[in-house]
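# Examining the three-dimensional arrangement
For reference, the chains in residue letters:
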Amino acid sequence: MENRQSPLVAICSFIVDKRNLFFLIYIILIIFSLFSQNWVSVENDLSAYLSEDTETKQAMNLMESEYTTFGSAKVMVSNLSLREAFSVCDIIKGTPGVFETGFLPEYLNPASGEIAKEDEELTIDEIREHYNDSSALFDVVFKYPEEDERCLESLNALKASLESYDLHVSTTLGDAQAEAIEEEMQVIIVIVAAVVVLVLILTSETFGEVPVLLMTFGSAALINKGTNYMMGTISFVSNSVAIVLQLALSIDYAIIFCNHFKEQKEFYETRDAVIIALSHSIPEITSSSLTTISGLLALLFMGFGLGRDLGLTLTKSIIISLFAVFTLMPGLLVLFSNLMMKTKHKNLVPKIPFVGRFAYATRKFIPPVFLVVIIVGYFISSKCPYVYGYSNLKTPIRSAAQITEDMIRDTFGSNNLIAINIPSHDYYKISRLAASLESMPEVKSVTSLANTEAKGGYMVSQPLSPRQFSEMADLDYDVAAMVYSMYASDKDEYGHIIGGIDKYKIPFIDVFMFLHDKIDEGYVDLNEEDRADIDETFDKLLMAKKQLRGDSYERILVYLNLPEESDETFSFLRGLHKKIDPIFEEEMDKNPADKVLIVGESTSEMDLGSQFETDNIIVSIVSLLFVLVILLFTFKSVGMPLLLIMVIEGSIFINFSFPTIMKENIFFISYLIVSSIQMGANIDYAIVIGSRYDENRKTMGRKEAIIETVNFAFPTIITSGSILAIAGTVIGFLTSDGAIAGIGQSIGRGTLLSMFLVLFVLPQILLLGDRIIAVTKFSVARPIKARAESGIIRVDGRITGHIDGQIIGTVHGIVRGDVRASIISGDIRKLAENEGQNIEEFMDHEENE
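Residues numbered from 1 in each chain as written. Predicted model: local features only at pLDDT ≥ 70, side-chain atom pairs only at ≥ 80, totals over all residues. Heavy atoms only, no water.

Under the 1.5 Å per step criterion, the end-to-end length of helix α20 (residues 528-548) is 30 Å for 21 residues, consistent within 8% with the ideal 30 Å. If you check which residues of α20 are buried, you get I534, F538, L541, M543 and L548. If you follow the buried residues of α20, they end up packed against β2 (70-78), β3 (98-102), β5 (135-145), β10 (443-447), α19 (508-521) and β15 (554-560). (Helix = DSSP H or I, 4+ residues; strand = E, 2+ residues; numbered from the N terminus. Expected span 1.5 Å × (residues − 1). Buried < 20%, exposed > 50% of the residue type's maximum accessible area, 1.4 Å probe, protein only. Contact = heavy atoms within 4.5 Å.)

A few words on the sheet that holds β10. One open sheet accounts for 4 strands, arranged β10-β15-β9-β16; its pairing is antiparallel. One side of each edge strand has no neighbouring strand; the edge strands of this open sheet are β10 and β16 (597-600). Each strand axis lies, on average, 25° off the axis of its neighbour in the sheet, ignoring direction. With 4 bridges connecting them, β10 and β15 associate as antiparallel partners. Looking at the pairing, V446 lines up with V558 of β15. (Pairing = 2+ DSSP bridges. Axes fitted to C-alpha atoms, helices over the stretch in contact; angles between N-to-C directions.)

On the surface, a cluster of nonpolar side chains totalling about 520 Å² of accessible area is made up of F14, L21, L24, I25, I28 and L29. Sorting elements by how many residues they give to the nonpolar patch places helix α2 (residues 19-36) first, with 5 residues. The partly exposed category is assigned to L21, whose relative accessible area is 43%. (Patch = residues over 30% accessible without salt bridge, like charges linked within 9 Å, V, L, I, M, F, W, Y side chains within 5 Å. Areas by Shrake-Rupley, 256 points an atom, 1.4 Å probe, with all protein chains shown as cover. Salt bridge = Lys/Arg side-chain N within 4 Å of Asp/Glu carboxyl O.)

Moving on to the state of the cysteines. Under the criterion given, the structure shown has 0 disulfides. Counting only cysteine sulfurs, C151 is the nearest neighbor of C89, a cysteine outside any disulfide, at a range of 19 Å. The class for C89 is buried, based on a relative accessible area of 3%. On the basis of relative accessibility, which here comes to 0%, the residue C151 falls in the buried class. (Disulfide = S-S within 2.5 Å.)

With respect to the secondary-structure elements, I275 resides in helix α10 (residues 270-297). Residue I275 is classed as buried on the basis of its relative accessible area of 0%. Residues I275 and V9, spaced 266 residues apart in sequence, show a C-alpha to C-alpha distance of 6.9 Å.

Before going further, it helps to spend a moment on unusual backbone geometry. Phi is positive for N79, close to 60°, though the residue is something other than glycine. Within the fold, N79 resides in the loop between β2 and α4 (82-93). Positive phi outside glycine occurs at D492, with the angle close to 60°. Classification of D492 by relative accessible area gives exposed; the value is 56%.

Centre-to-centre distance and the angle between the planes together describe a pair of aromatic rings. Counted according to the given criterion, the structure contains 26 aromatic pairs. Taken together, the aromatic side chains of F304, Y386, Y388, Y390, F612, F656, F667, F668 and Y671 make up a single cluster linked through ring pairs. A cation over a ring is seen here: R467 above Y477, with NZ or CZ 4.3 Å from the ring centre. Over the face of the ring belonging to F712 we find R692, whose NZ or CZ atom lies 3.8 Å from the ring centre. (Phe/Tyr/Trp six-rings, centres within 6.5 Å; stacked < 30°, edge-to-face > 60°. Lys NZ or Arg CZ within 6 Å of the ring centre and 35° of its normal.)

Turning to the nonpolar core, a few remarks are in order. Within the largest apolar cluster, 141 residues are counted, with the highest numbers of intra-cluster contacts made by F668 and I669. The biggest single contributor to this core is helix α9 (residues 236-265), with 17 residues. Non-local contacts of I669, meaning those with residues more than four positions away in its chain, are made with M302, F304, L306, A739 and I743. Counting 31 residues, the second-largest nonpolar core is a separate cluster that includes M486, V511, V524 and I534. (Core = buried A, V, L, I, M, F, W, Y, C linked by side-chain atoms within 4.5 Å.)

What follows deals with helix α8 (residues 209-226). Owing to its 3.6 residues per turn, the α-helix aligns residues three or four sequence positions apart on the same side. Compared with the 26 Å implied by 1.5 Å per residue over 18 residues, the 26 Å span of α8 between its first and last C-alpha is a close match. Among the residues of α8, those classed as buried are E209, V210, V212, L213, T216, F217, S219, A220, A221, I223, N224 and G226. The elements touched by buried residues of α8 are α2, α7 (176-203), α9 and α11 (305-342).

Structure (structure tokens):
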């Protein structure tokens, strides 16, 4: 090594010489990550990533503060008679922790002998919502909020009590789907790891490099997973696919470093070879990673928070991979150097000169055809059938939870629930609204405190006089009047006491709960039977109030006869505001912050659709601009970046034409994420071709240059591309989550298309655009530093000046003066006087050529 080192070489020397220190650091980080990966909080609800200004997000925040959501489950029992179904209903009701079980009225029980009351009679369709095709469906509500662990305990007890039946349970309690995804990803990781090993073995030149690559990225993957907790909460999408995409997107970095090491090992000892290889690799790998990182960072500009989440998680994974390659892999190369030299084998990747010859022969035919394909692909992909929810998605495999949901939907139909949050407790307005909603053909049923009967035809939130309350609650009138007087006194409403308590009206739910409190305090004395009835009614009213009435808002639950996602549904939802807002205009004028908020799966999907239109434009433009700027500085040409981007953008258009042609719905986030990854990562394949061709054109004709370029680039493209394509495809076809499956399938298909276009279309475009590339080149002025050194000096780079002494190395330059040297390879020729008049112009001309 030279006596005087550059700062970069000095850093590389430190990394190699202190490799044991870095081994220790990585061992500590890996052990820490094995524990810290369990601290990661995972968000399983995509609606949580909606922008704060969307109605769905605002309504979700409101409901979290205003109401209590109790644990619930849909329990389906198959292969039983109607009589047995009622017996099962009794078992469920008797399960500890179960508050309420929704099923058919008792008069339908063949064993009861009861006769239906006039208002209890159900239609055949209503009966089929709970009993159909020898199967029964029970709507179970637990006594505890859904985040309370006692809900799961009660659910498990329910399952145990019905284990002898053909039982299927659908619930949001626990993390059944998340657990299923985690199990699927474990299988996927094993398969992808096996594929990576196989690809590396087939494309490597020595078996000894495979463990180096695996140990490097195994460490990086574990550390990335272990540091996710630092981000607070990450999405289930990021948590699932990050480890696989990290490997697929950054394997190039280790391969580049490994190839440099093998080249240097031919001339230097192991230590020196690693240092030189690392000093060459750091600038090259860092430059290569910029396009990938820029594509991922474009996701940060999305309004939908999932883009930011995935963009940050994957960017962090790429950066950790870079650090692992730069600090861990050098030590591993020293450690495995002897094994690598001993296990060399024949390179199994063939040369493909015929592809270069084909490119030259079709250079005038393929580009125009590709231009037509791009235009057609753009129009077809613009009609891609994006969906914004899971109801219209099909996945290659189905989890147990999804199979249960499918069975319930196929047997009993689906329910599309929306919640209307009203900034008012006005019984009369809300009851009129509930009645109006019930009359609409799009509405199946409406539940609110204003239209739920408490007793005797009176509604739960209906204002009652003392006499009406006494009749309804079976209380003596004097007791009821006393309770009303106490209520007025408690609320400082003395005017009602003076003016006559018999005209004072209080909502039933309020006065009844006040009565219960006074009974507990001993102001009202009841016999045991009446007290038991009061307590039972109180429990039901308290549950109803917690779910439907907050401090400032009241909630109306509406079941629709419309699908979750359709133009008709979205049109209906938009029309609801025109119907509801004028009714509560007075309340909203008093407090401008209050407004009617509607929320449900349908509103979430409608908001996502609106946000997608904006995000699509932003992500496409930002990712393209990021990559364009990087390529401009890489090639110092305007033409080359435009040609490379055209090919990758074409692959994106073609990729998302497939769902349109095959009439398969695709989750919208797949396009935003995959287009960014394609533009950021697949562009590297085009860069390899473009930069090599640009270099070859300095010394070769077009035909020879393109043949050598494709031969040179093929191993890199086939190695990196096949790993990313297979990883994406495996994810896409072995997961039950619609969003993850769409991302995986699109990445797999898109990478294969990019590989094909880069190998079989880009060469022809470069040949045809050769003149454009040359004409649009530019140079970036850099300050020239004059240096004078003596002794043993290493020179790297383009220089101008005088050298006096013995020189050993490869020289590409012009000398004005005398040359006395042994020609080991290459040639020396004397230039004509007119050729050498301006050395700088001549060198610029040579570089351009």
